[in-house]
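Chain by chain, the residues run as shown.
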Amino acid sequence: MDKKYDSLNKDQKKAVLHTEGPLLILAGAGSGKTRVLTHRIAYLIEEKKVAPWNILAITFTNKAAKEMRERVDSLVGSGSEDIWVSTFHSTCVKILRRHIDKIGYDRYFTIYDTDDQKKLIRDCMKQLNVDPKQFKENSILSSISSAKDKLLTPKKFEKQAYEYRDQVVSKVYTMYQDRLKKNNALDFDDLLVKTVEVFRLCPDVLSYYQDKFRYIMVDEYQDTNHVQYIFVGLLASRYKNLCVVGDDDQSIYRFRGADISNILDFEKDFRNAEVIKLEQNYRSSKNILEAANQVISNNYGRKNKTLYTDNESGDLINYRCLQNEQAEAEFMAGEIIKGIESEGRDFKDYAILYRTNAQSRVIEERFILNNIPYKIVGGTSFYQRREIKDILAYLKTINNSTDDIAVKRIINVPRRGIGTTTINKVENYAYNNDVNFFDALCEVSQIPNMTRSSKKVGAFTHFIKVLRVEMATMSLVDLTNEVIERTGYVKELEAEGTDEAHGRIDNIGELISKLTEYENNEEEPTLNGFLEEVALIADIDNYNEETNVVVLMTMHSAKGLEFPCVFISGMEDGLFPSYMSISSGQQEDIEEERRLCYVGITRAKQKLYLLGANSRMIRGMTQYNQVSRFIKEINNKLFDLEYTKPVQDMPNEKTSFRKNAHSFLKSNPYVVKKNANKMPAPGNFTLNYEVGDLVKHMKFGIGEVLAIQPGGADYEVTVNFPSAGVKKLMARLANLKKA
DNA sequence: CGTAGTTTTGTTTTT
DNA sequence: CAAAACTACG
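Residues numbered from 1 in each chain as written. Chains lettered and ligands numbered in written order. Predicted model: local features only at pLDDT ≥ 70, side-chain atom pairs only at ≥ 80, totals over all residues. Heavy atoms only, no water.

Asks: How do you make sense of the nonpolar core when you look at a structure like this?
Replies: Most often, soluble globular proteins keep nonpolar side chains buried together rather than apart. Counting residues in each nonpolar core, the largest one holds 49 residues, and the members touching the most others are Leu392, Leu441, Phe460, Leu511 and Phe530. If sequence neighbours within four positions are ignored, Phe460 has contacts with Tyr394, Val407, Ile410, Ile411, Arg416, Phe438 and Leu441. The next biggest cluster of nonpolar side chains, apart from the first, holds 46 residues, and it includes Leu26, Leu186, Leu242 and Phe270. (Core = buried A, V, L, I, M, F, W, Y, C linked by side-chain atoms within 4.5 Å. Buried < 20%, exposed > 50% of the residue type's maximum accessible area, 1.4 Å probe, protein only. Contact = heavy atoms within 4.5 Å.)

Below, the structure is given as structure tokens:
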């Protein structure tokens, strides 16, 4: 056997060599599970002589899939391109593109994202006269989605809808599903549901894939939902060479239907399943790992395992409660600068993790001010931007005119004088004659009282039809440029002339380059193929750890990643754990948050900061939160108390019952008070300018110094720039030169 | 039909 | 605090 397998530890090796029959690998955080998976695939191909095309590996993100393929490549040399390594969703799309016609769908279906789903649901509610005040589309959407997860068809759902609300949902669900089919569209849940449907209705198709995928591996098994569980079960039922990898402590997608019992009951589902635990952590320092273990030990119903590491104890954990979210951001910026200047760190060594995407804003503002390069992963992603969705809607309309949602999106964008009254008339006509929206538009002359707008509608449908013909002889980039040109989309933005409009134009340029990239990389680039790729992409897929920038993301997005230094921002009750999880009163909700905390902590290799703010602006309201309960679950011996300085002024008496970091630590027996009040000196450098001087800044140009204040290890300099206004800068970062 | 101005609403997390 | 939804007017 090749010596590359010798680098594995005993348990890892056991997992690699166990190739036949069901296998559950309980892989703790940082225990090298990706190494195990890649080596296992290599072993199957090299030593067991399994054909690469007989292997299916399912990962959580496209990024993970790509990485896995690359790593297998470097282990086995070649052949990895024939392995199916992809996410659940892309795997299903691949299967459905070949076989969905067997259950009465068109193989060129489009994929609806959450935005599209919401619009369609709203249309259905309108049609059914469901009061949107009484029934929120979001809650209806999540009911429908969870019904699909459980493989409840509209018919089955109707049968068990006893309550009034369920009956309403049932009506909407039935119509929604019907409209999806008419639009020749599938939503995310459908990708799984329809694949299972194909498998169940067409035994020959199922049989083909069972035989093809003799060896199946599923990563992040703790986050699979019911359909995914059924999907895997169906595929693996013939050979039973199913290897699932997961960690029940890292199950963080319950809100999306993930069912933790899939992993907890694996041994029941597959008798004689082998179970291997990977408990040695190679990632984090002892202190960090111990903190993580302490937090997670407060959960019930876990698989019994304890992570250990041979790594050094490392630094203590830096827990701090700052005055407000601005101070929190400022502190992070300062620490990063310090690390770069005095510890030789790079920007890319740092990750900032938070509970909610909204928290990124303040941090982003601070980083811009301090010239810290950063990248935000998640939130409103590129493909969710209005201008991008608009252009894509044109492409979708050209690609598939039955996609009502896309057509409606662009029918009057840019304005061409087709307003709500016209649209309503066309909509009614479409509904009454059971045709698609675009077809109705084409038959505009049949619709009564439409003399005025029929000309404009005709021009629009003609435009689309022309492009549809031209498409055959054009590249995708040319087609898109043609759309932009002939609609005057960019021209209109130029006329606006605002910063925002220019940003949108830049984004459209970015879309063009993504199209170019797609056309260059793909052997057979098609419009449909591009739209599919776009639909299934997640923001994390574009994250590149090589780029030397600080990365900001939610703890959910950070799963599977690791960084030398990690900040977790917003360690406050009500934010993390979230208000929702506290107020629901359900133990499970808090436990899920705790698992998320465990995920967050275990991302750190060397240095961990847990930060909170005394007050924080949330949705326009200032909130005073208590210290997160998760902080209290960590033994104070692990905190670097030297840096846990007290929060001085409380905002007012009303909030005095809330514990701040200081009073908590004071009342805690573990606390050894050590220089608790000492502020770090302003550092060993001096400023060569003073108040009243003119200074020069890289970005803002020349300005006048209004004030200089010592703050932490640095000076905060207030400068009035004629071009940019008054800015507060950290002296170390701003690199101001006397002018 | 389009616009500007006003009111309401919402936030966990995402393939 | 924003974005979305609504309202009133030309």
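Asks: Just checking my understanding: could you explain the environment of Val599 for this structure?
Replies: Mapped onto the elements of the fold, Val599 is located in helix α28 (residues 587-601). Along the backbone, Val599 and Ile58 are 541 residues apart, and their C-alpha atoms lie at a distance of 21 Å. Dropping the residues within four chain positions of it, Val599 is found in contact with Gln250, Ile252, Met555 and Lys559. (Helix = DSSP H or I, 4+ residues; strand = E, 2+ residues; numbered from the N terminus.)

Asks: So what exactly am I meant to see when it comes to unusual backbone geometry here?
Replies: Across the chain, the bulk of peptide bonds are trans and the bulk of non-glycine residues have phi less than zero. At the junction of Val413 and Pro414, the peptide bond is cis and its omega measures out at -10° in the coordinates. Considering the arrangement of structural elements, one finds Pro414 in the loop between α18 (404-410) and α19 (420-433). Phe576 connects to Pro577 through a cis peptide bond whose omega is 5°. Even without being a glycine, Asn184 presents a positive backbone phi close to 55°. In this structure, Asn184 sits in the loop between α8 (164-182) and β5 (185-187). Note on Asn184: relative accessible area 10%, which makes it buried.

Asks: In this structure, what is going on with the pattern of salt bridges? I would like to understand it.
Replies: A side chain of one charge can pair with a side chain of the opposite charge when the charged atoms of the two come close. On inspection of all chains with the given rule, the structure shows 50 salt bridges. Lys559 is paired through a salt bridge with Asp223; the nearest N and O atoms lie 2.2 Å apart. Residue Lys559 is located in the loop between α26 (555-558) and β13 (563-568), and its partner Asp223 is located in the loop between β6 (215-218) and α11 (226-236); the two are separated by 336 residues in the primary sequence. Both residues of the pair, Lys559 and Asp223, count as buried. In this structure, Arg629 engages Asp573 in a salt bridge whose closest nitrogen and oxygen atoms are separated by 2.7 Å. Taken together, the residues Arg629 in helix α29 (residues 629-632) and Asp573 in the loop between β13 and α27 (579-583) connect sequence positions 56 residues apart. You can call Asp573 buried: its relative accessible area is 14%. Here the salt bridges do not stand alone but share partners, grouping Lys33, Asp219, Glu220, Asp223 and Lys559 into one network. (Salt bridge = Lys/Arg side-chain N within 4 Å of Asp/Glu carboxyl O.)

Asks: Help me understand the state of the cysteines in this model?
Replies: Note: disulfide means a covalent bond formed between the sulfur atoms of two cysteine side chains. A complete count under the given rule lists 0 disulfides for this structure. Among the cysteines around Cys565, which has no disulfide bond, Cys597 carries the closest sulfur, lying 18 Å off. You can call Cys565 buried: its relative accessible area is 0%. (Disulfide = S-S within 2.5 Å.)

Asks: When you look at the protein's contact with DNA strand B in this model, what are you seeing that I'm missing?
Replies: In the vicinity of DNA strand B lie 28 residues, with His89, Lys136, Arg355, Thr421 and Thr422 positioned nearest. Each atom of DNA strand B within 4 Å of the protein was classed as base or backbone; sugar and phosphate made up 54%. Arg415 has a polar side-chain atom sitting 2.9 Å from a phosphate oxygen of DNA strand B. Separating a base oxygen of DNA strand B from a side-chain N or O atom of His556 is a distance of 3.5 Å. Going through the elements one at a time, α19 and α26 are the ones with two or more residues in the surface near DNA strand B. Here the residues of the surface near DNA strand B are counted per class, giving 7 nonpolar, 14 polar and 7 charged. (Near = heavy atom within 4 Å. Polar contact = N/O pair within 3.5 Å; in protein donor to acceptor, adjacent residues only side chain to side chain. Nonpolar A, V, L, I, M, F, W, Y, C, P; charged D, E, K, R; others polar.)

Asks: Mind showing me how you'd approach a negative patch on the surface here?
Replies: Residues Glu517, Glu522, Glu523, Glu524 and Glu533 make up a contiguous surface patch of negative charge. Its place among the elements puts Glu533 in helix α25 (residues 527-536). (Patch = residues over 30% accessible without salt bridge, like charges linked within 9 Å, V, L, I, M, F, W, Y side chains within 5 Å. Areas by Shrake-Rupley, 256 points an atom, 1.4 Å probe, with all protein chains shown as cover. Lys, Arg positive; Asp, Glu negative; His and termini not counted. Charge placed at Lys NZ, Arg CZ, Asp CG, Glu CD.)

Asks: I would appreciate a short explanation of the packing of aromatic side chains in the present structure.
Replies: The way to describe two aromatic rings as a pair is by their centre distance and the angle between their planes. Under the counting rule described, the total for this entry stands at 23 aromatic pairs. Ring centres 5.9 Å apart and planes at 85° place the aromatic pair Tyr221 and Phe266 in the edge-to-face group. Placement of the pair is Tyr221 in the loop between β6 and α11 and Phe266 in helix α13 (residues 266-269), with a sequence separation of 45 residues. Summarising the aromatic geometry, the rings of Tyr518 and Phe530 are spaced 5.3 Å apart at their centres and angled 65° between planes, so their arrangement reads as edge-to-face. Here Tyr518, found in helix α24 (residues 499-521), pairs with Phe530, found in helix α25; they are 12 residues apart in sequence, far enough to count as distant. The same class applies to Tyr518 and to Phe530, which are both buried. Here a set of aromatic residues connected by ring pairs shows up, and it is made of Trp84, Phe88, Phe199, Tyr208, Tyr209, Phe213 and Phe231. Its guanidinium or amino end placed over the ring of Phe109, Arg97 lies 4.1 Å from that ring's centre, counting from NZ or CZ. Residue placement shows Lys514 over the ring face of Phe382; its charged tip is 5.3 Å from the ring centre. (Phe/Tyr/Trp six-rings, centres within 6.5 Å; stacked < 30°, edge-to-face > 60°. Lys NZ or Arg CZ within 6 Å of the ring centre and 35° of its normal.)

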